[in-house]
Amino acid sequence: MKKFREVNENMGSIGKKIIEKLSAGNPKWSRLDYPIIQGGMGVGISMGNLAGAVAAEGGMGVISTALIGFREKNFKEDHIKADENALRKEIRLAKQIAGGHGMIGINAMTVTKDFKQCVQVAVEEGVDCIISGAGLPLSLPEYAGKDTSVLLAPIVSGAKAARLMMRSWERNHKRLPDFFVVEGRDAGGHLGFKPEEFSDNNYYSLEAIVRDVVDVAGDIPVFAAGSIFDTDDIKRAISWGAMGVQIGTRFIATHECDGRDGFKNVLLRAKAEDLRIIRSPVGLPGRAIFSKLLQDVKEECRKPPKECINCITTCNPQTTPYCISEALIAAFYGDEENGLFFSGVNAGKIHKIVSVKELMTELKAAFE
C-alpha cells in the first residue's frame, strides 16, 4: 500500500481512492464511505446513539468504554460487571442505528481496571475496531485474542511511541497495528505529552508528529487527531500523509451525542480563553473547560473522593486531587458545580447544535 500523498487526485474522488487503499490492506475498511473517525469521549459522551449515527453516515462511530456502566444499578457494587453489561447494550444499539453502514468501534483506556474485560466484550460483540490510548496498549493484541478481523489501533503522540508499539506487537504478538491514531496537543481529554512539550510549536505541532509517524509507520495507515475542525483541516492532514482524521469535540455539539444538553451548553458557551491544561488524577495532562470544580481544586488543593470504586490503575484515592469518575459523570449530566468538561482546543468555534448528518455532510466535502 503506497502512502496517500502518491495518489493521483485526478483519478476520481479522494475519499474513494483512500478507501480503496485501506481496503487493500484489510477488506473491513470497505465498510467506510469516508475515512472519518468520531473520537471516543467518556464518560458517556460517545455511546451507542452517537456512534451508530456516525456509522449510518458512512464514518467510524466509536463508543468510549470509560465507566460506561455508570447508569447500571450494580455500578457501585461491581463497576466492572456493570461496564461489561452496558458496553454490550451500547454496541448492539450502535449496530442497530447504523443499519449495516460504516464501522463501529470502541475506545478503551489502558489505565482503566476493566481494560481487558471491555476489549474482550467488544470482540465478542463483533466490533470492527478497537482504539486504545491513555498509555501504551502493549497487551491489546493478547486481550483481543486471535480474531484478526478486528482492527487494532494504538493512539500515539509521536514517532517514538509508534515505533515502540510496532516492535512490541511484532515481537510479542506476531502482528502490527492495523492503523495509528496520532493525537496532537490540541485534543480534548487526556494527552500524551509532557508539560514542557506544550510550548514547542515546531517539533510538537500536529503536522510534525503526523509526518514523523507516517514515515515510521510505512504501510500502516495513519489518522490525524487533535484540532481537526473543518474541511481545510482535513485537507491539510491528508497532505501530510494521513489517510484520514479523527474528530471528537465537534461531535459533542450534535443532537445525537449521548451527553446531556447541559454538557453541550457548557461547550457552546466556552471561549478559547476558558480552556485549561490540567493534571488529571489519571496521571496525564488533559485539556478541559475551566469550571467551578477546577477553581475549587485550585483554591482548596484537594477534594477527596466521597467513595472509591477503584476504577483507575494510576489513581491513589488517598492523594488524588479529586475523583475523576465523579467529575466526569457529573459533567455528563451537565452539573456545572461538580463536572469536569473535557474539550479540544476548538471549543470556542462551536456555536450551535447540529445533526450528525449535517456535520458529516460538511466534513465529507473535504474528500470530494
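All figures in this text were calculated on a predicted structure; none of them were measured in a lab. (Residues numbered from 1 in each chain as written. Predicted model: local features only at pLDDT ≥ 70, side-chain atom pairs only at ≥ 80, totals over all residues. Heavy atoms only, no water.)

Q: When you look at the environment of Lys-73 in this model, what are you seeing that I'm missing?
A: Within the fold, Lys-73 resides in the loop between strand S2 (60–64) and helix H3 (79–98). By relative accessible area, Lys-73 is classed as exposed at 88%. For Lys-73 and Arg-302, which are 229 residues apart along the polypeptide, the C-alpha to C-alpha distance reads 29 Å. (Helix = DSSP H or I, 4+ residues; strand = E, 2+ residues; numbered from the N terminus. Buried < 20%, exposed > 50% of the residue type's maximum accessible area, 1.4 Å probe, protein only.)

Q: Please clarify how the packing of helix H2 (residues 48–56) against H3 should be interpreted in this entry.
A: Geometry of a packed helix pair, given as the angle between the helix axes and the separation of the axes. Remark: H2 packs on H3, axes separated minimally by 7 Å, with the N-to-C direction vectors making an angle of 30 degrees. It follows that H2 is roughly parallel to H3 by the angle criterion. The element H2 and its partner H3 pack so that their crossing is right-handed. Only Glu-90, Leu-93, Ala-94, Ile-97 and Ala-98 of H3 make contact with H2, whose side of the interface consists of Gly-48, Asn-49, Ala-51, Gly-52, Ala-53, Ala-55 and Ala-56. Tallied by class, residues from the contact of H2 with H3 come to eight nonpolar, three polar and one charged. (Axes fitted to C-alpha atoms, helices over the stretch in contact; angles between N-to-C directions. Parallel < 35°, antiparallel > 145°, perpendicular 65-115°, else oblique. Left-handed = near helix turned anticlockwise from the far one by under 90°. Contact = heavy atoms within 4.5 Å. Nonpolar A, V, L, I, M, F, W, Y, C, P; charged D, E, K, R; others polar.)

Q: Mind showing me how you'd approach the side chain of Glu-256 here?
A: Checked against the element boundaries, Glu-256 lands in the loop between helix H9 (249–252) and helix H10 (261–269). It turns out Glu-256 is buried and unbridged, and the closest side chain with the opposite charge, Lys-264, is 7.1 Å from it. Within the structure, the side chain of Glu-256 is placed 2.9 Å from the backbone nitrogen of Val-356, a separation counted as a polar contact. With sequence-adjacent residues up to four places away left out, Glu-256 is seen in contact with Asn-49, Leu-50, Ala-53, Val-354, Ser-355 and Val-356. (Lys, Arg positive; Asp, Glu negative; His and termini not counted. Salt bridge = Lys/Arg side-chain N within 4 Å of Asp/Glu carboxyl O. Polar contact = N/O pair within 3.5 Å; in protein donor to acceptor, adjacent residues only side chain to side chain.)

Q: I'm lost on the pattern of salt bridges in this one. Help?
A: Between side chains of opposite charge, a pair can form when the charged atoms approach closely. Scanning the entire structure with this criterion turns up 19 salt bridges. Close ionic contact of Glu-90 with Arg-71 constitutes a salt bridge, the shortest N to O distance being 3.8 Å. With Glu-90 in helix H3 and Arg-71 in the loop between S2 and H3, this residue pair connects regions lying 19 residues apart in the sequence. Here Arg-250 and Glu-362 are joined by a salt bridge, their closest N and O atoms 2.8 Å apart. On the criterion of sequence distance, the pair formed by Arg-250 in helix H9 and Glu-362 in helix H13 (residues 356–364) is long-range, its members being 112 residues apart. We classify Glu-362 as partly exposed; its relative accessible area is 33%. Through salt bridges that share partners, Arg-88, Arg-92, Glu-124 and Glu-125 make up one connected network.

Q: How do you make sense of the pairing of strand S11 (residues 285–289) when you look at a structure like this?
A: Both faces of the sheet carry side chains from a regular strand, because those side chains alternate between them. In terms of burial, S11 is a largely internal element, five of the five residues being buried. Both faces of S11 are covered, namely the face carrying Pro-285, Arg-287 and Ile-289 and the face carrying Gly-286 and Ala-288. Bridge count between strand S7 (residues 189–190) and S11: two bridges; the pairing is antiparallel. Paired with Gly-189 across the strands is Arg-287, a residue of S11. As paired elements, strand S10 (residues 275–279) and S11 share five bridges and run antiparallel to each other. Considered in S11, the bridge of Ile-277 is made with Arg-287. Hairpin remark: S10 followed by S11, antiparallel, with five residues in the connecting loop; positive phi at Gly-283, about 105 degrees. In this structure, S11 lies alongside strand S12 (residues 341–342), joined through two bridges in antiparallel fashion. Opposite Ala-288, over in S12, you have Phe-342 as the bridge partner. (Pairing = 2+ DSSP bridges.)

Q: Sorry, what's going on with the packing of aromatic side chains here?
A: Describing an aromatic ring pair means giving the distance of the ring centres and the angle of the ring planes. Within this structure, the stated rule accounts for 10 aromatic pairs. Ring geometry for Phe-115 and Tyr-143: centres 5.6 Å apart, planes at 70 degrees, overall edge-to-face. With Phe-115 in helix H4 (residues 115–124) and Tyr-143 in helix H5 (residues 140–144), this residue pair connects regions lying 28 residues apart in the sequence. The exposure class assigned to Phe-115 is buried, which follows from its relative accessible area of 7%. Site record: aromatic cluster; members linked through ring pairs are Trp-29, Phe-179 and Phe-223. One cation-aromatic arrangement involves Arg-250 over Phe-229; the distance from NZ or CZ to the ring centre is 4.3 Å. The cationic tip of Lys-349 hangs over the ring face of Phe-229; the distance from NZ or CZ to the ring centre is 5.3 Å. (Phe/Tyr/Trp six-rings, centres within 6.5 Å; stacked < 30°, edge-to-face > 60°. Lys NZ or Arg CZ within 6 Å of the ring centre and 35° of its normal.)

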